[in-house]
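Listed below, chain by chain, are the residues.
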Amino acid sequence: MSVERDEEYLKFVPHSMSYHVVPGAEFQCKLGNHNSRKLSTIDEQDDDVANRRGMTHQILATCAVLLLSAGCGMPIGFSAILLPQLTDTNSTEIPIDVETGSWIASVHSLATPFGSLMSGPLADYLGRRRTLIISVIPLLLGWSTLAIAKSIKVVIFARFLCGFATGILGGPGQVYIAETAEPNLRSLLIGAPYVAYSCGILLVYSLGSMMYWRSVAWCANILPLLAMVSISCIPETPAWLLRNGYEKRAMQALTFLRGSEISAQKELNDMTQRLAKERVTTRTNENIFQLCCQRVAIKPLVIVIVFSLLQMFSGTFIVIFYAIDMIKDFGAELNPKQAAIGTAAVRVVCCMVFCVILIFVRRRRIMIVSGIGSGMFCLALSVYQYARHGQPKMSYDVMVGGGCLLGYIIFNTALMVMPGIMIGELFPARIRGRTAGGVFASMNVALFIFAKFFPALQAFLRMRGVFLVFGVSSFLLTAFMCMFQPETKGRSLEHIEDYFNGNNWLWFRRDRGYKTVNLQTLQPLKAIRGTDA
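Going by the annotation in an unreviewed UniProt entry, the name recorded for the chain is Major facilitator superfamily (MFS) profile domain-containing protein, with Drosophila gunungcola given as the source organism. Listed in UniProt under the heading Subcellular location (unreviewed entry), the comment for the chain reads: "Cell membrane".

Listed below in structure tokens is the structure:
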């Protein structure tokens, strides 16, 4: 078909003649003799080259964000190497007690919500890319201050700056990837920041096992500096540029990200039409609270908030924080440094595997399987601990407990990554930046409170009761997402927004047309020639 089309086309256009795309036209070629005809598609070989170039550019843009994500993952795990070195009896440089150590560990989580609250307005008014660059500044200041700290107050302040930077990054990073990636590639790329976070934690654990904590702090400045340079070389998201009146720059960004000017022009035309319809129906004096109360926004807000709360009660982050203590509770004797590196390595591998699974498996199916698997392993561990209560520790207790915990981590990794993916995909474009920052802030506040009171909960329920709560919450999460979560794999962000504009709340009452994606039909060459004649 392609050869026949080329032969017919060459009857009218010699090899030496070129054509250019006319903005606003539908793939129309303007020739020197003013003869013109419409093309249904570009040459298949050129199309493949353009697609590969566009995919490469999208991956490179995502990698720039991932460098910063890895840099912000390092302060998350830094307290695990800092506190043992400060509490070492041979070290009297900055003496600390248990209470001071808890503040050093938790102040990072306390500072993150403040950064998240600022990230939303910054992302909407300055742009996603500039906000990411701004987040590097407090991160560099935090690490540098930590490296030269001489008192405990300076250490806590430096940890606060690092947590503040992590908060600024979270929302804009997910939104940037979601708005620049094509639907078929978004499945892989949007989960990658969690791989980067895990790699940052693993990196700081590894450095801490070999170096003094001040040297680790100086080394931690390398990734943010590389990220700043890399992010400066990638374009702003086309969606933000178009909404703020930079149509020419939006076209340039789309051409870079899609690899083809023709594909970019078509996508820009669709975005422009959609934006025009949206502005007709939106009042100019509406504030963020009024916008969030609209049907298209309130539905994803409820889904993400309820999911995040059930995720916390299913133990996703608690197991990360207390995995070593839990294994010790089974009766195992562990080297803390090796155990920390081992758990971080398992987390990295699980996140990588999950990102690959996202390419092939639908979101709803992933969450249902993950919730059921997490719940079953938690219930099995709880029942086993209740059965063994009051009996002496045996060697197989460690094997059973460690095996159940490993199975839980494998299945629960999907639940850990999904909130970031949902924030990038579900929220409407007009409030995506601000709502992403607000939701990340709320999640971090809830996580800080839950993590702070978990030791008291553990003392009251014991570990067997804690895992029972984790298991029940996992099953409740599965039931909730089965009823309310829409399928987003392969859908464009505009298509997902249209789903939430509908009257339904429950997934099984959706418009059945949501299963299909509207594709523009291609006309045969002869038919086109007949109409042009």
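## Let's talk about the confidence of the model for the chain
Scored by pLDDT, the chain comes out at a mean of 80, with 84% of its residues at no less than 70. Within the model, pLDDT remains below 50 along residues 516-533, and this stretch shows 18 contacts once partners closer than five positions in the same chain are excluded.

## Describing the side chain of Ser-474
Looking at where Ser-474 falls in the secondary structure, it is placed in helix α19 (residues 432-484). If near-sequence neighbours (up to four positions away) are discounted, Ser-474 is found in contact with Ser-314, Gly-371, Ser-374 and Gly-375.

## Some details on the nonpolar core
Formed by 114 residues in total, the largest nonpolar core has its most connected members in Leu-68, Phe-78, Trp-143, Met-326 and Phe-470. No other element matches the 16 residues that α19 contributes to this core. Core analysis: the second largest hydrophobic core is formed by 12 residues, Ala-250, Met-251, Ala-264 and Leu-275 among them.

## Re helix α9 (residues 222-232)
Within the sequence span of α9, burial applies to Leu-223, Pro-224, Ala-227 and Ile-231. For α9, the arc enclosing every buried residue in end-on projection is 95°, short of the 170-degree limit, so these residues lie on one face.

## Some remarks on a nonpolar patch on the surface
A surface patch of nonpolar side chains, amounting to about 320 Å² of accessible area, comprises Ile-305, Leu-309, Phe-313 and Val-469. Per-element tally for the nonpolar patch: the top contributor is helix α14 (residues 295-313), with three residues. With respect to the secondary-structure elements, Phe-313 resides in helix α14. When its relative accessible area of 40% is taken as the criterion, Phe-313 is described as partly exposed.

## Brief notes about the packing of aromatic side chains
This structure, assessed with the given rule, holds 10 aromatic pairs. A centroid spacing of 5.1 Å and a plane angle of 85° characterise the contact between Phe-78 and Trp-143, whose relative ring orientation is edge-to-face. In this pair, Phe-78 sits in helix α2 (residues 44-86) while Trp-143 sits in helix α4 (residues 128-147), placing the two residues 65 residues apart along the sequence. Of the two residues, Phe-78 and Trp-143, neither departs from the other in class, the shared state being buried. Taking the ring centre of Tyr-246 as reference, the NZ or CZ of Arg-249 above it sits at 5.1 Å.

The rules behind each value
- Residues numbered from 1 in each chain as written.
- Predicted model: local features only at pLDDT ≥ 70, side-chain atom pairs only at ≥ 80, totals over all residues.
- Heavy atoms only, no water.
- UniProt positions renumbered as here; feature names shortened; annotations may be inferred.
- pLDDT = per-residue confidence, 0-100.
- Contact = heavy atoms within 4.5 Å.
- Helix = DSSP H or I, 4+ residues; strand = E, 2+ residues; numbered from the N terminus.
- Core = buried A, V, L, I, M, F, W, Y, C linked by side-chain atoms within 4.5 Å.
- Buried < 20%, exposed > 50% of the residue type's maximum accessible area, 1.4 Å probe, protein only.
- Arc of directions from axis to C-beta.
- Patch = residues over 30% accessible without salt bridge, like charges linked within 9 Å, V, L, I, M, F, W, Y side chains within 5 Å.
- Areas by Shrake-Rupley, 256 points an atom, 1.4 Å probe, with all protein chains shown as cover.
- Salt bridge = Lys/Arg side-chain N within 4 Å of Asp/Glu carboxyl O.
- Phe/Tyr/Trp six-rings, centres within 6.5 Å; stacked < 30°, edge-to-face > 60°.
- Lys NZ or Arg CZ within 6 Å of the ring centre and 35° of its normal.

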